[in-house]
Amino acid sequence: MSDVPTRDLGELTVSAQGLGCMGMSHGYGATDDDRSIDTLHRALDLGVTLLDTADFYGFGHNEELIGRAVAGRRDEVVLATKFGFANRLGEPTRIRGDAAYVRQACEASLRRLGVAHIDLYYQHRVDPEVPIEETVGAMADLVRAGKVRHLGLSEASAATLRRAHAVHPIAALQSEWSLWTRDLEAEIAPVCRALGIGLVPFSPLGRGFLTGRYSSVEGMADNDVRRGQPRFADGNLERNLAIVAQLEELARAKGVTAGQLALAWVQSRGDDVVPIPGTRRQRNLEENLAALTVELSAEELAAIESAAAPEHIAGDRYDATSLTFVNG
C-alpha cells in the first residue's frame, strides 16, 4: 500500500490511520530503538502522517525517539503528543492541568521532539483539581504563540468537551474505542460530532488481544502492563478468548485476519474516526494498514457486534485506580 486515504480531525487533515508509538518506549516489554525507527520510517514511506506520542511514554524517551525518526522529514508528519501525567511509573498517579504546568510541559516536549511546533497537543487526562477552562486557556495561548497548531483532549467526558470547546476549538478526542471498549458511544461520540471534534481511538485492537495472538499472559514481559489489567486475569481471559475465537471465524470467512476485522470495524464508525494502533514491527504495521481496504457489509457488522457484544466482555479495561482518571 502506497496511498493511505485521509480523514479530518476538526480542521486537521491526517492519514486515515495513525501510528501509536507508546510501545516503542514502554508498556509492552523490551524495546529496540533501531527497529522502532525503521518501523516509523516505513510508516512514513507508506503514507502514514499521524504519529502519536506523549511525554509520559518512557518519561521523554518516546518523544526523543520520534524526534530522531522525523528529523529531515518534518513536513511529512503530523506530530501529536500529550501532557498531564506528572508522576513516574510506580509512583501514585498525579495529573496536572494548571497553566504553569501546561507551558512547562510544552517547552519540554518541543525540546525532546526537536521541532518548532506540535501539530496536535492533547491533555492526556483531565485534572480534577483544575477547571478545564484554565487548562485549555493555557493550551490556547500556545496556539497563539505558534508552538501548537491544534488542541485535543484524552479520555474526557461529554460535559468537559463542551466546556473546553467553548474556550478554544478542540480538534480531537483521543480515547479508548474498540470492539471491547465502547463506553464513549452513548454520550461522548455524539457530543464530539455535534461540536466537529474528530475521534482518535487508542488501543483499537484491545491491546493486541483482538488479533488472536495472545492466549495467556505467559510469555509477556514482567513489566508488560497487560499483566495487571482485569481483562487478562484468570477467568476473564478465558471468557474473552471465546469472543476472539468467534471473531477469528468471521475473519477467515472474509479472508482477513482477526486484527484487520477489528480495525475495519473501528474505521467503519465514521469518517471522523482515525484509529492509532500501536506496533514496533513493520509486519504488523503493514497488516494494520491493509485493514483500510476492508469493507464490511451491514450483515458482517451485525455478526461482528453480536460476537463482541458489550455484555460478553469480561473484566474492566483498567484497574480501579486507573478508571478514576477516565471520562473526566
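Structure report, in brief.

Definitions and cut-offs
- Residues numbered from 1 in each chain as written.
- Predicted model: local features only at pLDDT ≥ 70, side-chain atom pairs only at ≥ 80, totals over all residues.
- Heavy atoms only, no water.
- Helix = DSSP H or I, 4+ residues; strand = E, 2+ residues; numbered from the N terminus.
- Buried < 20%, exposed > 50% of the residue type's maximum accessible area, 1.4 Å probe, protein only.
- Expected span 1.5 Å × (residues − 1).
- Arc of directions from axis to C-beta.
- Contact = heavy atoms within 4.5 Å.
- Pairing = 2+ DSSP bridges.
- Axes fitted to C-alpha atoms, helices over the stretch in contact; angles between N-to-C directions.
- Phe/Tyr/Trp six-rings, centres within 6.5 Å; stacked < 30°, edge-to-face > 60°.
- Salt bridge = Lys/Arg side-chain N within 4 Å of Asp/Glu carboxyl O.
- Parallel < 35°, antiparallel > 145°, perpendicular 65-115°, else oblique.
- Nonpolar A, V, L, I, M, F, W, Y, C, P; charged D, E, K, R; others polar.

**Some details on unusual backbone geometry**
We note that F59 has phi near 55°; this positive angle belongs to a residue other than glycine. Mapped onto the elements, F59 comes out in the loop between β4 (50-52) and α2 (61-70). By relative accessible area, F59 is classed as partly exposed at 30%. In this model, R207 sits at a positive phi of 55°, which is unusual for a non-glycine residue.

**What about helix α7 (residues 236-254)?**
An α-helical turn contains 3.6 residues, so a residue and the one three or four places further along point in the same direction. Counted at 1.5 Å a residue, the expected span for α7 with its 19 residues is 27 Å, and the 28 Å between its end C-alpha atoms agrees. Considered for burial, the residues of α7 that qualify are N236, L237, N240, I243, V244, L247 and A251. One side of α7 carries all its buried residues, which in axial view fall inside an arc of 120°. Residues of α7 that are exposed and point over 90 degrees away from its buried face: E249, R252 and A253. Summarising the contacts, the buried residues of α7 are in contact with α8 (258-267) and α10 (298-307). Following α7 by one or two positions, G255 adopts a phi angle in the positive range, close to 80°.

**Observations concerning the sheet that holds strand β3 (residues 19-20)**
Hydrogen bonds along the backbone pair up the strands of a sheet, which may run parallel or antiparallel. The parallel open sheet is built from seven strands, whose spatial order is β3-β4-β5-β6-β7-β8-β9. Edge positions in the sheet fall to β3 and β9 (198-202), since each has one partner strand and no second. Of the pairings in the sheet, the one linking strand β5 (residues 78-83) to strand β6 (residues 118-123) comprises four bridges and is parallel in character. Across the sheet, K82 pairs through a bridge with Y122, a residue of β6. Contacts from helix α3 (residues 99-113) reach β5, β6 and β7 (148-154) within the one sheet, and its direction differs from that of β6 by about 140°.

**Section: the packing of aromatic side chains**
The tally for this structure, following the rule as stated, stands at four aromatic pairs. Aromatic side chains F83 and Y121 sit 5.1 Å apart centroid to centroid with 35° between the ring planes, which places their arrangement in the tilted category. Residue F83 is found in strand β5, and its partner Y121 is found in strand β6; the two are separated by 38 residues along the sequence. Accessibility assignment for this pair places F83 and Y121 in one class, buried.

**Description of the environment of Q267**
Relative to the helices and strands, Q267 resides in helix α8. Classification of Q267 by relative accessible area gives buried; the value is 6%. Along the sequence, Q267 and E295 sit 28 residues apart, while their C-alpha atoms lie 9.4 Å from each other.

**Points about the pairing of β5**
In terms of residue burial, β5 counts as a mostly covered element, since six of its six residues are buried. Here β5 shows two buried faces, one formed by V78, A80 and K82 and the other by L79, T81 and F83. As paired strands, β4 and β5 are joined by three bridges and run parallel to one another. Bridged to L50 within β5 is V78.

**Focus: the pattern of salt bridges**
Counting across every chain of the model gives 20 salt bridges. R74 is the salt-bridge partner of D119, the closest N and O atoms lying 3.0 Å from each other. Taken as a pair, D119 in strand β6 and R74 in the loop between α2 and β5 lie far apart in primary sequence, 45 residues in all. For D119, a relative accessible area of 2% puts it in the buried group. Connected through shared salt-bridge partners, E155, E176, D183, R207 and R317 make up one network.

**As for the packing of α2 against α3**
The N-to-C vectors of α2 and α3 enclose an angle of 45°; their axes lie 7 Å apart at closest approach. Compared by their axis directions, α2 and α3 come out oblique. From α2, E63, E64, I66 and G67 reach across to α3, where they touch S109, R112 and L113. In the contact of α2 with α3, the residues fall into two nonpolar, two polar and three charged.

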